[in-house]
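# Descriptive structure summary
Below are the chains, spelled out letter by letter.
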Amino acid sequence: QLQLVESGGGLVQPGGSLRLSCAASRTLDYYAIGWFRQAPGKEREGVSCISNNDRSTNYADSVKGRFTISRDNAKNTVYLQMDSLKPEDTAVYYCAAEPYTIRTMCLRSYEYTYWGQGTQVTVSA
């Protein structure tokens, strides 16, 4: 059973930055990795992902140019660097992993099997 643990959330002012980490209990080499978020009263949405089909990275339009996903295979860790944060980025952020090949843009939550517990990100002055 793969375990994922997110960290790095917190309170930040608009325009600030945070880096979220997702530490896995074993190698993520063959997994699709996704970052998702869910704000109160809203559905969970895909933020960014690394495909296990072609190793491409994908971003939601709302975060393109501001967020960057990366991975450190030696540490079994995936990161989400979030810059130029806006109040609308406030949400609980989750990382997810899927061992079977995802042939879509990998931003659909239902395609993922393993989930972390989430970390709160609050963007407020």
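Relevant structure appears above.
Our subject in this report is the structure included herewith. Model, not experiment: these values are computed from the prediction. (Residues numbered from 1 in each chain as written. Predicted model: local features only at pLDDT ≥ 70, side-chain atom pairs only at ≥ 80, totals over all residues. Heavy atoms only, no water.)

What follows is about the pairing of strand β11 (residues 119-123). Only one face of β11 is covered, namely the one carrying T119, V121 and V123; the face carrying Q120 and T122 has none of its residues buried. Relative to β11, strand β2 (residues 10-12) runs parallel, the two sharing three bridges. In the strand pairing of β11, V12 is matched with V123. For strand β9 (residues 91-98) and β11, the ladder comprises three bridges, and the chain directions are antiparallel. Bridge pairing in β11 links A91 to V121. (Buried < 20%, exposed > 50% of the residue type's maximum accessible area, 1.4 Å probe, protein only. Helix = DSSP H or I, 4+ residues; strand = E, 2+ residues; numbered from the N terminus. Pairing = 2+ DSSP bridges.)

Looking now at the pattern of salt bridges. Counted under the stated rule, the structure contains four salt bridges. Put simply, R37 and E45 hold a salt bridge, and the shortest N to O gap is 2.6 Å. The salt bridge partner of D61 is K64, with a shortest N-O separation of 3.1 Å. The same class applies to D61 as to K64, namely exposed. Shared partners join several salt bridges into a network, and the residues in it are R37, E45, R66 and D89. (Salt bridge = Lys/Arg side-chain N within 4 Å of Asp/Glu carboxyl O.)

This part takes up the nonpolar core. Core analysis: the biggest nonpolar cluster contains 30 residues, and L4, L28, W35, L80, M82 and Y93 have the highest contact counts within it. Going through the elements one at a time, β3 (18-24), β4 (32-38), β5 (45-50), β7 (67-72), β8 (77-82), β9 and β11 are the ones with two or more residues in this core. When sequence neighbours within four positions are dropped, the list of residues in contact with Y93 reads E6, L20, F36, R37, V47, F67, L80, M82, G118, T119 and V121. Counting residues in each nonpolar core, the second largest holds eight residues, with F36, C106, L107 and Y112 among its members. (Core = buried A, V, L, I, M, F, W, Y, C linked by side-chain atoms within 4.5 Å. Contact = heavy atoms within 4.5 Å.)

Below, the discussion takes up unusual backbone geometry. Phi is positive for R55, close to 65 degrees, though the residue is something other than glycine. In this structure, R55 sits in the loop between β5 and β6 (57-59).

With that out of the way, let us pick up the pairing of β8. Of all six residues in β8, five are buried; the element is thus mostly enclosed. Pairing analysis gives six bridges linking β3 to β8, with the strands arranged antiparallel. Counterpart to S21 in the pairing with β8 is Y79. Relative to β8, β7 is paired through six bridges, and the arrangement is antiparallel. Counted as the bridge partner of R71 is V78 from β8. Between β7 and β8, which pair antiparallel one after the other, the connecting turn spans four residues, and N76 there sits at a positive phi close to 50 degrees.

A separate point is the sheet that holds strand β1 (residues 4-7). The sheet built from four strands is open, its strands ordered β1-β3-β8-β7 with antiparallel pairing. Unpaired on one side and paired on the other, β1 and β7 mark the two borders of the sheet. Averaged over neighbouring strand pairs, the angle between their axes works out to 15 degrees when direction is ignored. (Axes fitted to C-alpha atoms, helices over the stretch in contact; angles between N-to-C directions.)

Everything listed here is a matter of geometry and, on its own, says nothing about what the molecule does.
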